[in-house]
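Structural features, examined
These are the residues of each chain, in order.
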Amino acid sequence: ITINSNDFDEDGILNEDDICPNTPIGSKVNAKGCRFFEMPANNYRIKVTSNTCINSNDGTIELTVLNSAYDYSVSLTGKNNPIAITGENKTASVTGLSKGDYSVCFKVTGQDAYEQCFEVVIGEPKALSVFIDVDNDKRTTSIQLAGSKSYNIEVNGERFEVKGDNFTTNLSTGLNIISISTDLDCQGVIEREVFISEDIMYYPNPTDQDV
């Protein structure tokens, strides 16, 4: 067996800088040659549930730790007090979160130098918006949609379930009522009234009287 006289424990730290000269071979060490505490990143599971609606502040983050041999504390952006994860069931839940970016940092009790952080995002639905273009000559309407992946559109009481961001349909002469919503009640309903005029004909033609 060949031993490097400049690094007796073969940890990559020279003897003159190694304050822990007898660490087992293969140990992960810090710049001073001492073993440090670590956990695999997959020890932590984070499930994010976004807000159901704009400004509803009902986002949640569910935390699970796989290694139950330790107790943990978790700091979260905007929370003054850390969240304790203890006991046999190593889970915790944070509720009432608004839209935004959050830093979630895990610490292990008794290992002050250890910390593992993750970045998570709480989202929320976009505002429902529509643009309705009417072709009076062809008696059609083309509707551009935004704010969801699916929409409920009613035209004069006839209901259409639309996937995507574009919808085209025929209109009747006279008053047409268009109603647009999504599966989220809180996104509201957008209604438009579109009047398609009848063709105007006058008789006799030609005439020398007022028409």
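Above: the structure in question.
Residues numbered from 1 in each chain as written. Predicted model: local features only at pLDDT ≥ 70, side-chain atom pairs only at ≥ 80, totals over all residues. Heavy atoms only, no water.

**A look at the state of the cysteines**
Taken as a whole, this structure holds 2 disulfides when the rule is applied. With a sulfur-sulfur separation of 1.0 Å, C53 is cross-linked through a disulfide to C186. You can see C53 sitting in the loop between β1 (44-49) and β2 (59-65) and its partner C186 sitting in the loop between β13 (174-181) and β14 (190-196), a full 133 residues away along the chain. Owing to a relative accessible area of 7%, C53 belongs among the buried residues under this scheme. Assessed through its relative accessible area of 48%, C186 is described here as partly exposed. (Disulfide = S-S within 2.5 Å. Helix = DSSP H or I, 4+ residues; strand = E, 2+ residues; numbered from the N terminus. Buried < 20%, exposed > 50% of the residue type's maximum accessible area, 1.4 Å probe, protein only.)

**Details of the sheet that holds strand β12 (residues 166-170)**
Spatially, 3 strands are ordered β8-β9-β12 in an open sheet, and the strand pairing comes out antiparallel. Each edge of the open sheet is held by one strand with a lone partner, namely β8 (129-135) and β12. The mean inter-strand angle of the sheet, taken between neighbouring strand axes irrespective of direction, is 20°. (Pairing = 2+ DSSP bridges. Axes fitted to C-alpha atoms, helices over the stretch in contact; angles between N-to-C directions.)

**A closer look at the side chain of T140**
Mapped onto the secondary structure, T140 falls in strand β9 (residues 140-146). Relative accessible area serves as the criterion here: at 19%, T140 is assigned to the buried category. Not counting the four nearest positions on each side in its chain, T140 is found in contact with D133, V134, D135, T169, N170 and L171. (Contact = heavy atoms within 4.5 Å.)

**Observations concerning the sheet that holds strand β6 (residues 100-108)**
If you trace the 4 strands from one edge of the open sheet to the other, you get β4-β3-β6-β7, paired in antiparallel fashion. The open sheet terminates on both sides in strands that have one partner only, identified here as β4 (83-85) and β7 (111-122). In this sheet, adjacent strand axes meet at a mean angle of 25° when their direction is disregarded.

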